[in-house]
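# Coordinate analysis (summary)
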Amino acid sequence: MTKLEQMQAWVDTGLIRYIDYALVNFIREQAQDTSEDALLAMLLVSHSVSMGQVCVDLKDTLVTPLAIMSTDSTDDEAQQIARAQLQSWIESLTISEWLSAIEACSAVAVMANDFEDTNHAAPFVLVQQQGKALLYLRRYWQAEKTIVSGIKARLEPASRISNVDIRNLLNQLFGEKQHDYEDTDWQRIACGIAASNHFSIITGGPGTGKTTTVLKLLALLQAERLMHQLPPLAIRLAAPTGKAAARLNESIADNLARLALPELENLAPQALKAVIPTQVMTLHRLLSPKPNSRQFQHNKSNPLVADIVVIDEASMIDIEMMANLFDGIEPDARVILLGDKDQLASVEAGYVLGDLCQGAVDGHYTQETADWIRDICQQNLEERFIDPQGAVLNQAVCMLRRSYRFQDGGVIHRLASLVNDERDDPLNDPKMPELKDVFRQKEQYENTPVLRYLEQEQLPTSVLQNAFQTLLIKGYGYYLSVVHAMPSTAMDSALFDDWGKQVLSAHAHFQLLVALRKGEWGVEGMNAKIEQMLLSAKQLTSIDSLWYLGRPVMVTQNDYSVDLMNGDIGISLLYPVNGELKQRVVFSDGKGDVRWVLPSRLQSVETVFAMTVHKSQGSEFHHTAMLLPGQNSPILTKELIYTGITRSKKHFTLISGDADVLESAMNRKVVRSSGLSLSIQ
Ligand SMILES: Nc1ncnc2c1ncn2[C@@H]1O[C@H](COP(=O)(O)OP(=O)(O)OP(=O)(O)O)[C@@H](O)[C@H]1O
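Presented here is an overview of the structure given in this document. (Residues numbered from 1 in each chain as written. Predicted model: local features only at pLDDT ≥ 70, side-chain atom pairs only at ≥ 80, totals over all residues. Heavy atoms only, no water.)

## Let's talk about the environment of Gly618
The cut-off we apply is this: Helix and strand labels come from DSSP, where a helix needs a run of H or I of at least four residues and a strand needs a run of E of at least two; each type is numbered from the N terminus. The criterion used for residue contact is that any of the two residues' heavy atoms lie within 4.5 Å.
Its place among the elements puts Gly618 in the loop between α22 (613–616) and β21 (621–628). Spatially, the C-alpha atoms of Gly618 and Ile161 are 33 Å apart, while their sequence positions differ by 457 residues. With residues near it in sequence (within four places) discarded, Gly618 still touches Lys243, Ala244, Arg247, Glu313, Met316 and Arg647.

## Topic: the site of the ligand
So the rule is basically this: One heavy atom suffices: a residue is near a molecule or strand as soon as one of its heavy atoms comes within 4 Å of it. Any N or O atom pair separated by 3.5 Å or less is treated as a polar contact, with the protein-specific requirement of one donor-capable and one acceptor-capable atom, and with residues adjacent in sequence counted only for side-chain atom pairs. Note that accessible areas follow from Shrake-Rupley with a 1.4 Å probe, and for residues the cover is restricted to the protein chains shown. All amino acids are sorted into three groups, where Ala, Val, Leu, Ile, Met, Phe, Trp, Tyr, Cys and Pro are nonpolar, Asp, Glu, Lys and Arg are charged, and the leftover types, Gly among them, are polar.
Close contacts around the ligand come from 14 residues, with Gln187, Lys210, Thr211, Thr212 and Arg405 the closest. In this structure, a nitrogen atom belonging to the ligand sits 3.0 Å away from a side-chain N or O atom of Gln187. Here the ligand has 630 Å² of accessible area as a free molecule, and 73% of this is covered by the chains. Residues belonging to the shell around the ligand are distributed by class as follows: two nonpolar, eight polar and four charged.

## Here we look at unusual backbone geometry
Selection criterion: Only protein chains enter the accessibility calculation, which uses a 1.4 Å probe; a residue whose area is less than 20% of its type maximum is buried, one above 50% is exposed, and one in between is partly exposed.
Of note, the phi angle at Gln229 is positive, near 55 degrees, even though the residue is not glycine. Here Gln229 lies in the loop between α10 (210–227) and β6 (235–239). Overall, the relative accessible area of 69% leaves Gln229 in the exposed class. Of note in this structure, Asn447 is not a glycine but carries a positive phi near 60 degrees. Within the secondary structure, Asn447 sits in the loop between β11 (444–445) and β12 (448–449).

## Examining the side chain of Asn394
If you trace the backbone, Asn394 turns up in the loop between α16 (367–377) and β10 (397–400). Each residue touching Asn394, except ones within four places of it in the same chain, is listed here: Gly359, Gly363, His364 and Tyr365.

## Quick look at the side chain of Ser48
Mapped onto the secondary structure, Ser48 falls in helix α3 (residues 36–50). The residues contacting Ser48, other than those within four sequence positions of it, are Gln53, Cys55, Val56 and Ile68.

Here it is in structure tokens:
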């Protein structure tokens, strides 16, 4: 069997996708000089994109050959053999031989001298810098390059607000008090850093004040303009999904209304608030998609007119969308990214926020920045945040460290921090005992424990007998009781609108999150089980038709024709049309009202009794329950568990099939290769 035939056989075992093999085969036909070892590297690059990778780190691959092949583990014998074949092939290579084979191939552009592109037509790009050897599909390399140059250009000193103005305005916004080390006011530092840079990142966990800080920052920037008799800045706010945009819409309006702004430079607080926008749109909409294409109206030749672009939930943005953003705005538009760097990476390729925030925990501020922070932000930094070698990028990143959402941090916050914690020696310092300890805390909200931990070795059948089932029936029973309280008159659509609103609000009370898509522990298996269970418990009256009364659905792809975005949730109900009740799906219109959509117009939706943790990003629920499967999977990472926990507003329940699975998931980190942080030094 030739090596190429071997690759083809790997497709049949499910180890790689057909498209990975087809690409390699195509390259072999087009560039006949390509050696088998080079083809292997290309195969890995193509496959790794489906694993969310932007590129393959060739040296790392030689050390851990199967790390980028981490699909769901399988007992399938043929696939085990395929894995072993792949492993021994990679292990037979040395880095110098492999690089020579790749460099010799005309399908690869070898980047030298600061990214001088020597072979524009080549579909693959090899970058060697700082001891790394990274192989990319050109498309992702190009996207990374756009982001790097967009950020670098903004980090160069340009005409900015004067330090005197920043200091004065910070003093007015945050008070004159000089704080000591213990209560370093990171919000104030973040505001100062973002005011003085054209690119900045404010990262932090839930409730650490990202929105509050950015509002103060916008007030500062607008005050500076108005006090110099300049027109106010054009500010645009966006988030990656409809759901995240709707949530930010609410939180911005709410925070702005409550924000106690002082009189800045004799400008009345109301006058300042009037020039801070509250409308948040999706990033797609901001850049205006071209119909039936992946491209946008706003691009290099037609950039969006805005002085400041603020993007929330930036952890969800993949590498191509981030590149579209930098391509679609004016070169001198200020960019501010907000997000939680510890959340799961985007579903599509890339881990942009995580990459850019690699130094955030330890600060890595140079002495010059620390002096600036002391002088301008009136804050002293502890020694441990200072690094004489700190990269330029680090000087523009600020991490907020204290949660104001939960009182005294609260047990949900403590749990999330424990999961996030990185242990040097996880074997001798396991997290499980501490995790159980946090769950033993008796914190209550609304007379119910805030945290619950259920062990669930086997999944429930349709018999209602265990705590997990009781949890689901109670959780979903709440909104279903509202569904069953349908208005009795079919004439009054206003009554139905109210009903729809109540159903949607009750539905946001409880959500089950799962880690996997497939299998009985995944979305597909759980949705079917929960439907059956709710039917047996008489919470659902029927599940015979697709659009049964009360079916919760999630939109899985942006659909501009019905103005619904990926992640939007609707409930199948009835609505009066010409005096007759018709099947309709109710959605929030994002402005406090509801819209009723014909089921037949919904192209991409799925039942959402169970939702993947990935899809839950950007949403929050009063009570979030997270089910972890009974067997290990590389998909289970600490980022996934952290993201699940932090979706909870008031209550969190963890249902775990196996304590060992949970322990190993808490110690597994998402690893994605990229050259982003290497390139912005
Ligand atoms: N310095 C502060 N002092 C007191 N309360 C604060 C402070 N900063 C923020 N808060 C309050 O904490 C809550 C959370 O703040 P905010 O919404 O700004 O956080 P966030 O990081 O944007 O949250 P999310 O994770 O939801 O995006 C709000 O009620 C806000 O008013």
